[in-house]
Each structure stands twice: as structure tokens, then as C-alpha cells.
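# Coordinates in review
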Amino acid sequence: MEKTAKVSRPFMDDLKHTAFLWRRSRLTMIGSVIIVIFLLIAAFAPLIAPYSPVEQNLSIKLQSPSWQHLFGTDQFGRDIFSRVITGSRTALWIIFLVSVISGSIGIIIGVTAGYFGGIVDEVLMRITDMFLAFPSLVLAMAFAAMLGPNLTNTIIAISIVSWTTYARLSRAEAIKVKSQPYIEAIRAAGGGNLRIMFLHVLPMCISPVLVQLTLRMGTIILTAASLGFLGLGVQPPTPEWGAMVSDGRNFLIDQWWISTFPGIFIAFVVLGFNLLGDGIRDMLDPRLRR
């Protein structure tokens, strides 16, 4: 019992200090609240949305915001509030899958390059440099146009261009970890390369990648919205924020609400992820945890 208490006490102290650092940063708290609200909206979207997000009713098209339609209606008579709320699920699904896919690709490539070094490192990092030579949005547009516009291909296109940062981070961490004495001891004890990579080097690379993933979730939303705005992303009638902003371009002067409310949601969610990512980075900074 005493041994268990001694082990758990440092963990509890560290958890309390993390909570203290979180409460001390008002911007981090604001970002956390925004993201929690976003997650709740996505989770309970069918219960929150008062109307069908895809059902058309031309008799009420282009109505301004009112108590009956909080965000007004679009050119097809669809309730914009219901479409914005349901579109949060599409945004969350894109964020989750792109983060998992691109993060996994980046970590595997970075750890492999950093651990083996030599020709393996040169080849993998030059491939990474090739992807970094192009603006990510332009490259995502090219892949989305080549694959075809739909939700699945949007996720694939964004994932293909998003892994490079994670690869560089995990490579730098792998180079630092593989030179540690305990890695040499494991190798001397007969540990193979795969065992050392996946059980000892890989876990040490996850922390900085997770921070970067949080920071780049806002970028993922912006990229997906940009593809939707250009007609290369999620296709109608599926509600997607970028496509909804694009729908209101021709009505922006008189029916401003069609583009404005989806744009506001994009801005707030991106702001929330950026504030939360900055807070997590600060909380993991050893200089602030002393």
C-alpha cells in the first residue's frame, strides 16, 4: 500500500500542476470551452437541428434569420442553422481521420528515418522535402482534383499533404532518443531494431506530435473548407461549412446570412484549436512546469 501511494503521489502532483497551468491561462480555458462546445454540438447534432439539413422547400427560400429559422434559409429553402449544426459532424470526422492518418504516416516515416539514418534517412527526408516544396493547399487541391470530389477523397488528399511536419518532429526526437544509454543497453541485451523502434523510440516521439496535431487541427478545417469552397471537397447535399460559404457567394449582398454563419463557425472552431494547442504546448514546456 505504501509503495503504491508513493508511486501515485508524483502522478497526482503532476496532474494538479497541469490543472493549475491550465487554469492560469485564460486563453487556453477559452479554447478548451470552444472545443468542448464544438464536440457537444457534433455529438448531439440530430437532437439540436430543428429541421432536416438536406430537405428542400422552395416556398421559403432566402428567408432572413427569424425565430422560426435562426440562421435563415438558403436558395433551396433549407434551414441554415440545421445545416451548420449537422456540418459540425462532417468537420469533426475530417479532423479525426486526417489527424490519425497523417499523424501515423508522419510518425512511422520520421521514426524510421531518425533511427536508421544514412541512406534511409536521406531518401525519406528528400521525399518529405518534395512535399514541402509546394503549398499544402495547392497540393491538396491537385490530389483532390485527381481523386475526385467527395468526402473520402477529401480526407485522403488532406492526409497526403499533412504528414510532413509530424515526420520532421518524430525524426528529430528519434535521433535524440536512439543515442541514449538505455537504448544501447537494450541493443546489447539482444533487442532487435523493430522492438527498439516501436517499444522504446516511438513512445518518446508521440508527445511533440500530439501537440502539433492539436495546433494543426485548425489548419485541417481551413483546408477542408477551402476544398469545399472550390467544389473539390464534400459534395452537395451533404452539409459542409466551406461548401455552404461558397453557396452564398452570389447572394452575399442581400442574403448575407447564407455565407456568414458557416464562416463564423469555421473561425471560432479554428480559434479554439489554436488556443488549445498553444496551451498544451505551454503546459508541456519543462521550463513552465518547474
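The shown structure was predicted, so the numbers you read here are calculated from the model rather than taken from an experiment.

Counting its secondary structure elements, the protein contains twelve helices and zero strands. N-terminal to C-terminal, the α/β element order of the protein is α-α-α-α-α-α-α-α-α-α-α-α. Taken over 290 residues, the protein has a buried fraction of 43%. Put simply, 71% of the contacts in the protein that link residues at least 6 apart link residues at least 24 apart. Per element, the accessible surface of the protein, about 15,600 Å² overall, is 68% carbon and sulfur.

Here we take up the side chain of arginine 78. As for its position among the elements, arginine 78 is in the loop between helix 3 (45-48) and helix 4 (80-116). Since its relative accessible area comes to 4%, arginine 78 is described here as buried. Look past the residues within four positions of arginine 78 in its chain and what remains in contact with it is Pro53, Val54, Glu55, Gln56, Gly72, Thr73, Arg83, Pro237 and Asp247.

One pass over the structure, following the stated rule, counts six salt bridges. Salt-bridge contacts for aspartate 129 lead to arginine 168; the nearest nitrogen and oxygen are separated by 2.4 Å. Highlighted residues: aspartate 129 in helix 5 (residues 118-132) and arginine 168 in helix 8 (residues 164-178), separated in sequence by 39 residues. Where salt bridges share partners, they join Glu122, Arg126, Asp129 and Arg168 into one cluster.

All right, on to the nonpolar core then. Burial of nonpolar side chains together is a common tendency in soluble globular proteins. The biggest cluster of nonpolar side chains holds 41 residues, and the ones touching the most others in it are Ile94, Trp241 and Phe273. Where this core is concerned, the elements lending two or more residues are helix 2 (26-43), helix 4, helix 6 (136-147), helix 7 (151-162), helix 10 (193-229), helix 11 (241-247) and helix 12 (257-283). The element contributing the most residues to this core is helix 12, with nine residues. The residues contacting isoleucine 94, other than those within four sequence positions of it, are Leu151, Ile155, Ile158, Ile220, Ala224 and Val234. Core analysis: the second largest hydrophobic core is formed by 15 residues, Ile107, Ala174, Cys205 and Val209 among them.

For the rest of this paragraph, the subject is unusual backbone geometry. Glycine aside, negative phi is the norm for most residues, and most peptide bonds take the trans geometry. Residues proline 236 and proline 237 are joined by a peptide bond in cis, for which omega reads 5°. Relative to the assigned elements, proline 237 resides in the loop between helix 10 and helix 11. With phi around 60°, leucine 62 is a residue other than glycine that occupies positive phi space. Along the polypeptide, leucine 62 turns up in the loop between helix 3 and helix 4.

Once that is clear, we can look at a nonpolar patch on the surface. Residues Phe116, Ile119, Val120, Val123, Ile127 and Met130 make up a contiguous nonpolar surface patch of about 550 Å² in total accessible area. Looking at which element gives the most residues to the nonpolar patch, the answer is helix 5, with five residues. Counting through the fold element by element, valine 120 comes out in helix 5.

The rules behind each value
- Residues numbered from 1 in each chain as written.
- Predicted model: local features only at pLDDT ≥ 70, side-chain atom pairs only at ≥ 80, totals over all residues.
- Heavy atoms only, no water.
- Helix = DSSP H or I, 4+ residues; strand = E, 2+ residues; numbered from the N terminus.
- Buried < 20%, exposed > 50% of the residue type's maximum accessible area, 1.4 Å probe, protein only.
- Contact = heavy atoms within 4.5 Å.
- Areas by Shrake-Rupley, 256 points an atom, 1.4 Å probe, with all protein chains shown as cover.
- Salt bridge = Lys/Arg side-chain N within 4 Å of Asp/Glu carboxyl O.
- Core = buried A, V, L, I, M, F, W, Y, C linked by side-chain atoms within 4.5 Å.
- Patch = residues over 30% accessible without salt bridge, like charges linked within 9 Å, V, L, I, M, F, W, Y side chains within 5 Å.

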